[in-house]
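Geometric and topological summary
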Protein chains: 2
Amino acid sequence: MTRVLVVEDDAAILRGLKDNLEAESYEVLTATDGEVGYQLIRDAAPDLVVLDLMLPKMSGYELCKKVRDEGMTTPIVMLTARGEETDRVLGLDLGADDYVTKPFSVRELLARIRALLRRTNPEPTALDELRFDDVIVDFRRYEASRGNEKIKMTRKEFGTLRLLAERAGLVVTRHDLLKEVWGHGHEPTTRTIDNHVASLRAKIEKDPSHPKRLLTVHGVGYKLDV
Amino acid sequence: MTRVLVVEDDAAILRGLKDNLEAESYEVLTATDGEVGYQLIRDAAPDLVVLDLMLPKMSGYELCKKVRDEGMTTPIVMLTARGEETDRVLGLDLGADDYVTKPFSVRELLARIRALLRRTNPEPTALDELRFDDVIVDFRRYEASRGNEKIKMTRKEFGTLRLLAERAGLVVTRHDLLKEVWGHGHEPTTRTIDNHVASLRAKIEKDPSHPKRLLTVHGVGYKLDV
DNA sequence: TCTTCTGTGACATTTCCATGACAACCTCCG
DNA sequence: CGGAGGTTGTCATGGAAATGTCACAGAAGA
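Residues numbered from 1 in each chain as written. Chains lettered and ligands numbered in written order. Predicted model: local features only at pLDDT ≥ 70, side-chain atom pairs only at ≥ 80, totals over all residues. Heavy atoms only, no water.

Turning our attention to the interface of chain A and chain B. Interfaces are often described in size by the accessible area the parts lose on coming together. The interface is formed by 21 residues belonging to chain A together with 27 residues belonging to chain B. When the two sides are added together, the surface that chain A and chain B hide from each other amounts to roughly 2000 Å², 48% of it contributed by carbon and sulfur. At the surface where chain A touches chain B, the tally comes to 3 salt bridges. Between Glu129(A) and Arg114(B) there is a salt bridge, with the nearest N and O atoms lying 3.8 Å from each other. Summed over the shared surface of chain A and chain B, the result is 6 residue pairs in polar contact (both at pLDDT 80 or more). Of all elements in the fold, only helix H1 (11–23), helix H5 (106–120) and strand S6 (129–132) of chain A reach the threshold of two or more residues within the side of chain A that touches chain B. (Contact = heavy atoms within 4.5 Å. Buried area = accessible area lost by both parts, 1.4 Å probe. Salt bridge = Lys/Arg side-chain N within 4 Å of Asp/Glu carboxyl O. Polar contact = N/O pair within 3.5 Å; in protein donor to acceptor, adjacent residues only side chain to side chain. Helix = DSSP H or I, 4+ residues; strand = E, 2+ residues; numbered from the N terminus.)

With that settled, consider the protein's contact with DNA strand D. Every one of the 21 residues lining DNA strand D counts as a neighbour, but Asn195(A), Arg201(A), Arg174(B), Asn195(B) and Thr216(B) are closest to it. In DNA strand D, the atoms that sit within 4 Å of the protein are 57% sugar and phosphate, with bases accounting for the remainder. Side-chain polar atom of Arg201(B) to a phosphate oxygen of DNA strand D: 2.7 Å apart, as the coordinates give it. Gly219(B) places a polar main-chain atom, nitrogen or oxygen, 3.0 Å from a phosphate oxygen of DNA strand D. At the level of secondary structure, the elements contributing two or more residues to the surface near DNA strand D comprise helix H8 (190–204) of chain A together with helix H8 (190–204) and strand S11 (214–217) of chain B. In the surface near DNA strand D, the residues fall into 5 nonpolar, 10 polar and 6 charged. (Near = heavy atom within 4 Å. Nonpolar A, V, L, I, M, F, W, Y, C, P; charged D, E, K, R; others polar.)

All names here are of chain B. At a minimum axis distance of 10 Å, the contact between helix H6 (residues 155–166) and H8 shows a crossing angle of 85 degrees. For the element pair H6 / H8, the angle class is roughly perpendicular. In this structure, H6 contributes Lys156, Glu157, Thr160 and Leu161 to the contact, and H8 contributes His196, Ser199, Leu200, Lys203 and Ile204. Here the residues of the contact of H6 with H8 are counted per class, giving 3 nonpolar, 3 polar and 3 charged. (Axes fitted to C-alpha atoms, helices over the stretch in contact; angles between N-to-C directions. Parallel < 35°, antiparallel > 145°, perpendicular 65-115°, else oblique.)

Residue and element names in this part refer to chain B. Here 3 strands make up an open sheet; going across it, the order is S10-S12-S11 and the pairing antiparallel. Of all strands in the sheet, those bounded by a partner on one side alone are strand S10 (172–173) and S11. For S10 and strand S12 (residues 221–224), the ladder comprises 2 bridges, and the chain directions are antiparallel. Its bridge partner lying in S12, Val172 is registered against Tyr222. (Pairing = 2+ DSSP bridges.)

Further remarks concern the environment of Gln39(B). Residue and element names in this part refer to chain B. Summarising the element assignment, Gln39 is placed in helix H2 (residues 34–44). Taking relative accessible area as the criterion, Gln39 reaches 42% and is therefore assigned partly exposed. Counting along the chain gives 126 residues from Gln39 to Ala165, while the straight-line C-alpha distance between them is 41 Å. (Buried < 20%, exposed > 50% of the residue type's maximum accessible area, 1.4 Å probe, protein only.)

One number sums up the size of the second largest pocket: a volume of about 620 Å³. If you trace the second largest pocket, you find 20 residues lining it, with Tyr142(A), Glu143(A), Ile151(A), Lys152(A) and Lys223(B) closest to the centre. At the level of elements, strand S7 (135–138), strand S8 (143–146), strand S9 (149–151) and helix H6 (155–166) of chain A together with S11 of chain B are the ones that each hand at least two residues to the lining of the second largest pocket. In terms of residue class, the lining of the second largest pocket is made up of 8 nonpolar, 4 polar and 8 charged. (1 Å grid on protein atoms, 1.4 Å probe; cavity = no way out; pocket = protein on both sides within 12 Å on 5 of 7 lines; lining within 4 Å. Points joined across faces, edges and corners; volume = space filled by probe spheres on them.)

So, on to the pattern of salt bridges. Inspection of the entire model under this criterion finds 35 salt bridges over all chains. Glu22(B) is the salt-bridge partner of Lys18(B), the closest N and O atoms lying 2.9 Å from each other. Of this pair, Lys18(B) and Glu22(B) both sit in helix H1 (residues 11–23), separated by 4 residues, roughly a single helical turn. A salt bridge links Glu24(B) to Arg114(B); the shortest N-O distance between them is 3.2 Å. With Glu24(B) in the loop between H1 and strand S2 (27–31) and Arg114(B) in helix H5 (residues 106–120), this residue pair connects regions lying 90 residues apart in the sequence. For Glu24(B), a relative accessible area of 35% corresponds to the partly exposed category. The class of Arg114(B) is partly exposed, set by a relative accessible area of 26%. Linked through salt bridges whose partners overlap, the residues forming this network are Glu129(A), Arg131(A), Glu24(B) and Arg114(B).

Assigned domains within chain A: domain 1 (3–120) and domain 2 (129–224). A straight line from the C-alpha centre of domain 1 of chain A to that of domain 2 of chain A covers 35 Å. (Domains from an automatic or database assignment.)

This part is about the sheet that holds S6(A). Residue and element names in this part refer to chain A. Spatially, 4 strands are ordered S6-S7-S8-S9 in an open sheet, and the strand pairing comes out antiparallel. Edge positions in the sheet fall to S6 and S9, since each has one partner strand and no second. Put simply, the sheet's adjacent strands are angled 15 degrees from each other on average, direction ignored. With 3 bridges joining them, S8 and S9 adopt antiparallel strand pairing. Its bridge partner lying in S9, Ser145 is registered against Lys150. The sheet strands contacting H8 are S6, S7, S8 and S9, and the helix crosses S8 at an angle near 50 degrees.

Close contacts around DNA strand C come from 22 residues, with Thr154(A), Trp182(A), Thr189(A), Thr154(B) and Thr189(B) the closest. Near-protein atoms of DNA strand C (within 4 Å) split between backbone and bases, with sugar and phosphate holding 74%. His196(A) is positioned such that a nitrogen or oxygen atom in its side chain is 3.2 Å from a phosphate oxygen of DNA strand C. Between DNA strand C and Arg191(B), the relevant distance is 3.5 Å, taken from a base nitrogen to a side-chain nitrogen or oxygen of the residue.

This part is about the packing of aromatic side chains. All names here are of chain A. What the rule picks out here adds up to 4 aromatic pairs over all chains. With a centroid separation of 6.3 Å and an interplanar angle of 80 degrees, the aromatic rings of Phe139 and Phe158 are classed as edge-to-face. Of this pair, Phe139 sits in the loop between S7 and S8 while Phe158 sits in helix H6, and the two are 19 residues apart along the sequence. The exposure class assigned to Phe139 is buried, which follows from its relative accessible area of 3%. Taking relative accessible area as the criterion, Phe158 reaches 3% and is therefore assigned buried. Here the aromatic cluster, defined as three or more aromatic residues joined through ring pairs, consists of Phe139, Tyr142 and Phe158. Between Lys66 and the ring centre of Tyr38, over which it is positioned, the NZ or CZ distance is 4.3 Å. (Phe/Tyr/Trp six-rings, centres within 6.5 Å; stacked < 30°, edge-to-face > 60°. Lys NZ or Arg CZ within 6 Å of the ring centre and 35° of its normal.)

Structure below.
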């Protein structure tokens with residue numbers, strides 16, 4: 001799921017943005033000052049940042065500049081107060097990708113966010129069906145079957161299998177799985193993944209102890225060969 | 001029959017795609033250069049185009065851009081060589097709807113074609129009646145019956161059932177239900193939905209505690225299987 | 001006002017998930 | 001070729017989270 005970080009010290013605005021972004025089904029992280037914002041950009045690797053210009057501890061300027069100086073390319077939408085013409089220019093010069101002037105229309109901000117994401121992270125289309133051998137998995141119905149037998153799969157299993165299927169043939173690291181399937185903040189041990197993979201194998205492999213499809217790449221991760 | 005145009009200059013790949021698509025019972029048109037491709041898009045109005053990036057006479061870029069500039073919305077799947085990251089972005093910006101990286105698995109391409117067709121030619125959803133077993137629900141009259149008995153249903157129940165019916169078989173999240181049935185701003189707890197579902201089950205299921213139609217997908221939402 | 005509908009909370013129940021321990025395995029290096 | 005150290009497979013288990021169920025109070029409608 002696409003992850004957006006909002007850095008804004010005004011609680012009311014922050015709340016409003018969070019609600020609206022969540023309603024658009026983004027995963028939303030928040031920070032109310034520049035320092036926490038910076039840490040989150042580094043550690044949580046959001047797909048996009050909405051950044052207020054005036055912030056406690058570290059201003060939007062500084063934050064933006066610092067992030068760019070360190071080579072991070074995370075797209076940034078700057079929020080500026082009306083009339084801060086110079087700020088606009090600065091914002092873009094510092095490496096922000098777009099800006100919106102307060103008071104802004106939420107709809108406009110959302111549109112800009114969408115556009116920016118589309119430009120920078122064209123998201124590979126979600127796969128909604130997987131077939132191999134006599135196994136069929138339908139990710140929109142959350143149904144799976146093998147031959148004539150229905151298979152019961154859990155949400156995490158669907159998520160895991162889906163990511164593997166979207167990168168069929170390529171190795172997916174445990175880290176990637178945690179990031180994509182679990183999302184930020186709810187990150188369990190990597191051992192947990194092994195368990196989910198094991199139970200997936202029990203369900204989709206003919207001989208689960210000698211997998212032919214869902215393969216281990218020792219020291220790296222897993223891959224699905226179809 | 002669904003008509004697919006493949007524009008690809010490599011004869012072997014073209015042949016392979018044609019065979020596979022025909023095996024899936026698509027009607028297949030082919031072109032080996034951009035100009036012929038363009039004419040076919042215009043004159044034969046295919047339902048979907050598979051477009052190679054590198055082509056004689058007119059490249060995939062140009063073709064895609066030209067088609068979009070002229071206002072045609074024909075879904076396009078772009079074939080790109082691996083590693084052409086920038087091309088991906090360009091492809092999508094130019095208006096391609098999806099892309100597949102060479103060397104690609106035919107199976108994956110077929111899956112994406114199916115998905116894209118489904119996304120772009122969705123069946124119209126203005127559903128005004130739902131029937132299954134001995135239950136009949138008329139969404140225009142706000143009436144429902146089971147066998148000869150009338151069923152009293154509330155507005156929210158109609159709304160909930162209708163959304164589920166419009167996406168019959170697919171999982172609908174609580175979030176979707178809140179957004180569609182309750183609308184923006186008036187959003188109650190997700191628990192509320194469980195209650196409405198429960199009362200729907202009491203009305204339309206033969207054995208409400210072992211539902212056969214209105215099913216729970218643990219951790220995701222509900223779906224209606226008809 | 002009275003009735004019906006709706007949202008909420010508490011509780012029971014079901015389902016799922018994270019974790020750790022141990023065994024089996026792989027890889028690299030001696 | 002064999003063994004040490006790290007990695008993965010497997011399984012059991014406690015606990016967390018999601019859902020079913022019910023009762024009630026406030027809101028909306030008749």
